[in-house]
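A look at the structure
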Amino acid sequence: MDFTFTEEQLAAAEAARGVFAAVSPDAVPSPALTTGAVADHFDRELWDTLAAADLLSLLSAVEHGGAGLDAIALCLVLRESAKVLARVPLLENSAAMAAVQAYGDEGLRGRLLARAGRGELVLTVAASGRTGHDPAELAVTARRDGGTWVLDGVQTAVPWAYDADLVVVPAHTDGDRSVLALVAPSAAGVTLAEQVSTSGERLGELRLESARVAGRDVVAAEGAWEWLRELLTTGTCALALGLGERVLRMTGDYTGRREQFGHPVATFQAVAVQAADRYIDLRAMEATLWQAAWRIASGAAGALPAAGDVAVAKIWAAEGVRRVVQTAQHLHGGFGADTEYVLHRYHAWAKQLELALGSAAAHEEALGDLLAAHALA
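In this text, all values refer to a predicted model and were calculated from it rather than measured experimentally.

Quick look at the pattern of salt bridges
A full pass over the atoms with the stated rule returns 23 salt bridges. Across the pair D217 and R111 runs a salt bridge whose closest N-O atoms are separated by 3.0 Å. Of the two residues, D217 sits in the loop between β7 (202-214) and β8 (218-219) while R111 sits in helix α5 (residues 106-117), which places them 106 residues apart along the sequence. The class for R111 is partly exposed, based on a relative accessible area of 26%. Among the ionic pairs, E205 bridges to R207, the shortest N-O distance being 2.6 Å. For E205, a relative accessible area of 16% gives the class buried. On the accessibility criterion, R207 (37% relative accessible area) is partly exposed. Several salt bridges share partner residues, and in doing so they unite E14, R17, R79, E80, K83, E245, R283 and E286 into one network.

Written out as structure tokens, the structure reads:
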């Protein structure tokens, strides 16, 4: 198994590091000190910078103004974004574009991809279902009515819903099939109710009441939603890895400076052992992330479907990032909870990522179902 990155993938990561180097993780009010959302909108200045650096169009084909790269390149960029808590819909927009690229027709690709790659059109995905714990595709029904589709249902906790021009909504039909409908939040029959995430970001509960979507804006290809969900989940694992790496670095810097009994606390065995355990967590998170991203990017066959590798990656990401931030808080002492110090922001984001698109327990159950359904040689 060779996880050596290509020159193009490394170039994307390098470009991302250059862009995110100028981003401050505490540019908005602390979620611990804010009763509502920390901001009404995402970081538009950063969004424009990402567009100018061609980092919004990584996965689009060259004919649509993109770089024609893959899920691995996207995860490398997302990893860098999480280190500074970048407040942009990079994952959702990129994953939605990738799904349209892979499963949409040429007309839809032509209407969306170039504009979204330039940052002119913002896409997000409703992937949490009605409660955040049930399958998203079952939260909304879709039925044909002539040349349009009619949608009814509720999707909760839609990220960046108030900033998006289009929300990709998974829905199920009478034939028990899943489709992806591109819904404008301002369309008739569509309403948003404000919600606030653990990290303090503004989310939206998307309510659909006989909302009509033109047939040309619905992706009905088999497997589109499942593929999109796996890419979103893998991207979330990349965010968790980047966040965890930054937090462990912060912890190493702090314990290397903090002295007790005349020695840096980093030299104490109890501190070193805990830090080493968290380093092992990060390496496991990294290995499982690249395995999942490679399965999605390559389409390679395996003993289990790609969903199995994605589940393993999310189990490690959810458990690992939680352990990393908890240990960081412990080793920082009371300073870690100081709202004037940035660590508590990383803790809030880590909790959001831990539960996003399914907790470790949910993915353990999904992995168990896959193992039961596929006999391993």
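Thoughts on the side chain of T233
Of note, T233 is situated in helix α6 (residues 224-257). Aside from chain neighbours lying at most four places away, what touches T233 is V310, K314, L357 and H363.

Quick notes on the pairing of β7
The side chains of a regular strand alternate between the sheet's two faces. Sheet analysis places strand β3 (residues 148-159) next to β7, joined by nine bridges and oriented antiparallel. From the neighbouring strand, T148 faces β7, where its bridge partner is A214. One ladder, built from seven bridges, connects strand β6 (residues 190-196) with β7; its direction is antiparallel. Note that in β7 the partner of A193 across the bridge is E205.

What to know about the packing of α6 against helix α8 (residues 306-332)
Where α6 meets α8, the axes come as close as 9 Å, and the angle between the chain directions of the two elements is 25°. Classed by the angle they form, the pair α6 and α8 counts as roughly parallel. Between α6 and α8 the crossing geometry is left-handed. Here the residues of the contact of α6 with α8 are counted per class, giving 17 nonpolar, seven polar and two charged.

Describing the pairing of strand β4 (residues 166-172)
Counting buried positions over the seven residues of β4 gives seven, a clear majority of the element. Alternating residues of β4 divide into L166, V168, P170 and H172 and V167, V169 and A171, and every residue in both groups is buried. Across three bridges, strand β1 (residues 123-125) lies against β4 in parallel orientation. Bridge pairing in β4 links L123 to L166. Looking at chain direction, β4 and strand β5 (residues 178-183) are connected through six bridges and run antiparallel. Pairing of P170 across the sheet is with L180, part of β5. Connecting β4 to the next strand, β5, in antiparallel fashion are five residues, including D176 with a positive phi near 60°.

Quick notes on unusual backbone geometry
Of note in the backbone geometry, D176 takes a positive phi value of approximately 60° without being a glycine. The topology assignment puts D176 in the loop between β4 and β5. Under the relative-accessibility criterion, D176 is labelled exposed at 66%. Despite not being glycine, L357 has its phi angle at roughly 60°, a positive value. Along the chain, L357 turns up in the loop between α9 (343-355) and α10 (360-373).

What to know about α8
For α8, spanning 27 residues, the distance from its first C-alpha to its last is 38 Å, which sits close to the expected 39 Å at 1.5 Å a residue. Burial analysis of α8 places 19 of its 27 residues in the buried class, which makes it a mostly covered element. Directly beyond the C-terminal end of α8, a positive phi value near 65° is found at G333.

Conventions used here
Residues numbered from 1 in each chain as written. Predicted model: local features only at pLDDT ≥ 70, side-chain atom pairs only at ≥ 80, totals over all residues. Heavy atoms only, no water. Salt bridge = Lys/Arg side-chain N within 4 Å of Asp/Glu carboxyl O. Helix = DSSP H or I, 4+ residues; strand = E, 2+ residues; numbered from the N terminus. Buried < 20%, exposed > 50% of the residue type's maximum accessible area, 1.4 Å probe, protein only. Contact = heavy atoms within 4.5 Å. Pairing = 2+ DSSP bridges. Axes fitted to C-alpha atoms, helices over the stretch in contact; angles between N-to-C directions. Parallel < 35°, antiparallel > 145°, perpendicular 65-115°, else oblique. Left-handed = near helix turned anticlockwise from the far one by under 90°. Nonpolar A, V, L, I, M, F, W, Y, C, P; charged D, E, K, R; others polar. Expected span 1.5 Å × (residues − 1).

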